[in-house]
Each structure stands twice: as C-alpha cells, then as structure tokens.
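Results of the structural survey
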Amino acid sequence: MADLKNTIFVNSKKVEVNNVHHDITLLDWLRNHHRMTGTKEGCAEGDCGACSVIIDENGSGSSRPINSCLIRLGQVMGRSVTTIEGVGCVKNPHPLQIAFTNEHASQCGYCTPGFIMSGISLLNSNKKITDETINDAISGNLCRCTGYSPIIKAIKSVAKNRITQNNSQSINKIKKITLGNVTYLKPSNLKELKKHLDEIKSFQFLAGGTDLNLQRPIINQKEDKIICLGSIVELNKITHLKEKIVLGGGVTIESFLEAVRLKMPELVEILQRFGSPQIRNQGTVGGNLCTSSPIGDIAPILLVLNSDLNVFGRNGSKKINIKNFFKGYRKNVLQKDEIISSVEIPFANKKNKIFSWKLSKRYDQDISTVSLAINIQTHKNIIKELHLAAGGVAAIPKMLDNLSNQMLEKKIDDAIQFAIDNLEQYIQPISDLRGSSHYRLEAIKGLFRRLQTCLIQNKNSLSIMDF
Ligand SMILES: Cc1cc2nc3c(=O)[nH]c(=O)nc-3n(C[C@H](O)[C@H](O)[C@H](O)COP(=O)(O)OP(=O)(O)OC[C@H]3O[C@@H](n4cnc5c(N)ncnc54)[C@H](O)[C@@H]3O)c2cc1C
Ligand code: FES
Ligand code: FES
C-alpha cells in the first residue's frame, strides 16, 4: 500500500496533509487549506454544532458526528471524514436538504450544515426516529433564527428515507505522525504505550480532546510529543461481569451510555445530558476523571458506587479507589506517566436505590452548576445505608460521608429535614459565573426534597424534569 501516513479521506477522496501547524484543528484545515467552507465556525468551543462533520468509527464502517473545531488534525490522520460538501450539492441535494427547504427549516443558514450532519447521522444510525431521538441528535446544534420545530419536522419527514453514507475508507494503523515540530504518537496497545513511556520524558496524553483541545496551543514548546490514547485497544474495551461493569479508560461517554442503558438505567439521564452527541462521541471516561473538574458529571456517581480505577504507567499497574483519586481543584494523584486504563463500576446492592441529578442552566449541552448522586437503602421508612456525593460544591467532587452518617437510622422525613437544616455545616460552595454560593446551597436542598418525594412515593424518578 502506498504511504498514506499524511492522508485524510475527505468525502471519500484522499487528501494529503502538508505544511500545517501541529495545533491546527480539523475545522481550520478544511476551511483554510481546502476552502471547504460549508462547515462553519460559530463558537470554536464545542457548543454550537455549526462545525459538525461525520467521522468513521475507527474503520468499523459506522460513523458518528463530532465537532471539527475540537479535533486536532493529528488525531484524525488516516481517518475518513464526511463534510457537508460530501452530502449533497445544489444540483444533487440530499433528501434531508430538500426537506429543510420544504419545511422552511433554514433562515440565515449559518447553522444549517451542522443540523444536516447531525440529522444524517441519526438517519444513518439504527435508532428509531422519534421526537426523543431527534431532540437528542440535535441537542448539540444551536439555531438562533429559525426555531427548532421546522427542523424537527424536516428530519421526521425523511425518516423512512434513510440513506447510507458510503465512506468507510480509512486506515487506522498510523503509529506516528509529525505535524510542524510536534509528533503525535498513536500506540495500539499498552505494551507499545509502555515503550513510549520508557523512552520519552516529556509528553502530553490526549484522549478525545474535548477538554484539552480547548487550550491553545495544546502543548508548550518543551513538550514536543503528544501520546494519543484513542487507538489503545485495551482502553476501548467494555466488559460486563456479574457484579460490575469494567470500562476502558478510553471508552467514550456515548459508549458508556449505551453499555449501561439496560443494566444501570439510573445513569441514563445524566449521561444523555452530558454535552451533546458530538461531545459524547469524542469525550472519554478517563478524560472526564482526569480533568478532575469539581463539576465533571461522572465522578459523583462513581463515588457513591465505590468504583475502582486501574492505573497503568511506567512502573506497572495499580488500583486506586476513586475516593482517593481527587487531590484538589483539577488535581489528582496520577503521576505524569500514568493513565487510567480502566474503571470498575460495581452494580449497587439490589435493595438500594440510585439517584443522580444534575442542575445546569440548560437541560442539554451544559456543564453542571451542582449535581448530587445518592446510593440509598431504606427499610420501613428508616435509612439503613446511604452514600452521598456532590459536584460543584467544593474544589473536588465531594463525598458527604459526615452528613450521610448523621442521616443513618433516621426516618426518611427527619433525615432529609436534618440535611436541609444543616447543609451549610457540610458544604461551603463558592460563588462563580455558574451560580452563587447561596444558589448552590439552595439547589442541593431542593435535590434533597426531590429525594424525599421519590423515597416516600416509592418512585424511581429518573428525570430532573419530573414534578
Ligand atoms: C461543549 C462541551 C460540553 C461539555 N459537557 C460536559 C458535561 O455535560 N459534563 C461533563 O462532565 N463534562 C463536559 N465537558 C467536558 C469534557 O467533554 C469531558 O470532561 C470529557 O469527558 C473529557 O474527555 P476527553 O477524552 O475529551 O479528554 P481530553 O481532553 O483528551 O483530556 C483531558 C485531560 O485528561 C488527560 N487524560 C485523558 N484521558 C486520560 C487517561 N485515560 N488517563 C490519564 N489522563 C488522561 C489528558 O492528558 C488531559 O489532561 C464538555 C466539554 C465541552 C467542550
Ligand atoms: S464551532 Fe461551535 S461547536 Fe464547533
Ligand atoms: S438559520 Fe440562522 S442560526 Fe439557524
């Protein structure tokens, strides 16, 4: 095979990558180097979806939408990308483009290519086309002038007319690519990763890039190597065991969602509200924990389920309980050469109920202001076991063990009242742009009231939108 190392397949054509800065995004490369200006830039931060493109799923033949503004070119070398130009044109439009015209689903048109890409991804998937799946599919796309009803109508109108994108060409065996003065290394297993770790002193790990790629430049001048974790086979594994599920550290949030949909339905809403499909297709479980953000959505639920993290590094492997992982604001206990290779999430005791709620300014595509995860067992109206963890109330995702201990062996109503009356003793949230300290305290109190209603009415209330 010819050397395809410097190649990206764009709309099924080989395109060579030459003379680019190491930091360039897929979006900038498409627009500025190849004049493919159908893909738009709105926010350049993953929030608006105007830059959506479809990328192959690691050569598997299936595809998914991502935000091209959040992907470094080095991450997608050898991959296959479909842009709006590959979908249809004025002379030969895609049925969804015709439907957008018929339903008046576009006004200024700036957002339209992004909506078309999200709509086509849904139409090409094996999901049923319902209001719910359409709403979810376009939850990462913003439109400021048309309004969403015509867009939803347009997608529905072609639901029966699914069209397969034939774009499965791609090579994923690229192990090393140099762009500018930076080398992207792509080990395909942990053994190869170990070799890099033994040989290289200064580098940066990169998984999906939905957090790291917001930083520009991605690495400083001293670190001229990026180790991409996306191709490491062990990191992409999902193992279902009798008592737990084990997720590789590189499993995407979307795959996590699909893996727990049946077995841990309590997690579905919080995972479905994680960013947007574009973000969930790219962002990973390991990346979420390693950002160690106090408002990361996964940590509280993993804390109350007492999950273990498997760590791999230059000196071998070890296990860390998640309660010992977070050290301070955006800090954790990992050494520079260590990664989270997998996460072991035990299923809750059958007698226990799990709740996980996130409050944010918008339902979709928004990071938490506060969140609360609860693992609780009650017997005859008395709390017998309780694990509480909250996000957005301290520098780290926080277990509220002292409060849980005080609530044990109390009647549900008394315990909840105790939590509400004394919350200030257990958490002292800060004020920031997302919410004031006062708001955060009141919001957590509200979530305790929600817990009380669920327990008293014996509801497995999963939605923050209920009652
Ligand atoms: C628009 C938008 C919406 C978002 N919405 C949400 C949301 O709703 N909820 C939420 O919690 N977050 C959200 N995020 C944040 C982000 O998407 C997540 O934190 C995501 O899980 C990060 O994973 P990643 O693979 O993209 O990490 P990357 O950006 O690749 O990496 C983040 C950091 O972790 C390190 N790292 C990555 N993987 C590993 C590993 N396995 N071991 C060791 N270190 C590793 C990297 O070196 C880097 O320092 C959002 C981000 C954006 C841009
Ligand atoms: S430009 Fe807004 S999500 Fe990429
Ligand atoms: S049509 Fe103008 S932003 Fe959507």
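Residues numbered from 1 in each chain as written. Chains lettered and ligands numbered in written order. Predicted model: local features only at pLDDT ≥ 70, side-chain atom pairs only at ≥ 80, totals over all residues. Heavy atoms only, no water.

So, on to the sheet that holds strand S7 (residues 182-185). Taken together, the 4 strands give an open sheet; going across it, the order is S6-S7-S9-S8, and neighbouring strands pair in mixed fashion. On the outer flanks of this sheet lie strand S6 (176-179) and strand S8 (204-206), each paired with one strand and no other. Strand-to-strand twist of the sheet, defined as the mean angle between neighbouring strand axes without regard to direction, takes the value 25°. Helix H6 (residues 190-199) rests against S7, S8 and strand S9 (225-228) of the sheet, and its axis sits at about 160° to S9. (Pairing = 2+ DSSP bridges. Helix = DSSP H or I, 4+ residues; strand = E, 2+ residues; numbered from the N terminus. Axes fitted to C-alpha atoms, helices over the stretch in contact; angles between N-to-C directions. Contact = heavy atoms within 4.5 Å.)

Counting residues in hydrophobic clusters, the biggest one holds 42 residues, and the most contacted among them are Phe 256, Leu 271, Leu 289 and Ile 345. Mapped by element, the contributors of at least two residues to this core are strand S11 (244-248), helix H7 (253-260), helix H8 (268-272), helix H10 (285-291), helix H11 (299-304), strand S12 (308-313) and strand S16 (339-346). Not counting residues up to four positions away in its chain, the partners in contact with Phe 256 are Leu 247, Val 251, Leu 267, Leu 271, Val 285, Ile 298 and Ile 345. One finds Trp 357, Leu 359, Leu 400 and Leu 423 within the second-largest nonpolar core, a separate group that totals 32 residues. (Core = buried A, V, L, I, M, F, W, Y, C linked by side-chain atoms within 4.5 Å. Buried < 20%, exposed > 50% of the residue type's maximum accessible area, 1.4 Å probe, protein only.)

Glancing now at the packing of helix H3 (residues 112-124) against helix H5 (residues 148-157). Interhelical geometry of H3 versus H5 gives an angle of 35° and a closest axis separation of 11 Å. Crossing hand, H3 versus H5: right-handed. Taking contact as the criterion, the partners of Phe 115, Gly 119, Leu 122 and Leu 123 in H3 are, on H5, Tyr 148, Ile 151 and Ile 155. Split by residue class, the contact of H3 with H5 holds 6 nonpolar, 1 polar and no charged. (Left-handed = near helix turned anticlockwise from the far one by under 90°. Nonpolar A, V, L, I, M, F, W, Y, C, P; charged D, E, K, R; others polar.)

For the rest of this paragraph, the subject is the site of ligand 1. Taken together, the neighbourhood of ligand 1 is formed by 36 residues, with Phe 205, Thr 210, Leu 212, Thr 284 and Asp 297 sitting nearest. Note that an oxygen atom of ligand 1 is positioned 2.6 Å from one of the side-chain N or O atoms of Thr 284. Burial of ligand 1 by the protein amounts to 93% of the accessible area it has alone, namely 980 Å². Elements that contribute at least two residues to the shell around ligand 1 include exactly S8, H10 and S16. With 5 residues, the single largest contributor to the shell around ligand 1 is H10. Each residue belonging to the shell around ligand 1 can be placed in one class, and the counts come to 14 nonpolar, 14 polar and 8 charged. (Near = heavy atom within 4 Å. Polar contact = N/O pair within 3.5 Å; in protein donor to acceptor, adjacent residues only side chain to side chain. Areas by Shrake-Rupley, 256 points an atom, 1.4 Å probe, with all protein chains shown as cover.)

With that settled, consider helix H13 (residues 412-426). Where H13 bends most, at Ile 420, the angle is about 45°. Along H13, the positions that sit buried rather than exposed are Ile 412, Ala 415, Ile 416, Ala 419, Ile 420, Asn 422, Leu 423 and Tyr 426. (Bend = angle between axes of the 7 residues up to and from the residue.)

Looking now at the pairing of strand S2 (residues 13-16). Sheet topology note: the strand S1 (residues 7-10)/S2 ladder contains 4 bridges and is antiparallel. Across the sheet, Ile 8 pairs through a bridge with Val 15, a residue of S2. Where S1 folds back on S2, the antiparallel hairpin that results is connected by 2 residues, among which Asn 11 adopts a positive phi of roughly 50°.

Turning our attention to the domain arrangement of the protein. Domain annotation for the protein reports domain 1 (1-168), domain 2 (176-228), domain 3 (233-346) and domain 4 (353-456). Relative placement of domain 1 and domain 4: their C-alpha centres are 39 Å apart. (Domains from an automatic or database assignment.)

In this structure the tally under the stated criterion is 21 salt bridges. Between Arg 440 and Asp 432 there is a salt bridge, and its shortest N-O distance comes to 3.1 Å. Residue Lys 445 is joined to Glu 442 by a salt bridge in which the shortest nitrogen-to-oxygen separation is 3.4 Å. Pair noted here: Lys 445 and Glu 442 are both in helix H14 (residues 437-456), with a separation of 3 residues, about one helical turn. Assessed through its relative accessible area of 37%, Glu 442 is described here as partly exposed. Each member of the salt-bridge network shares a partner with another, and the members are Lys 127, Asp 136, Glu 254 and Arg 280. (Salt bridge = Lys/Arg side-chain N within 4 Å of Asp/Glu carboxyl O.)

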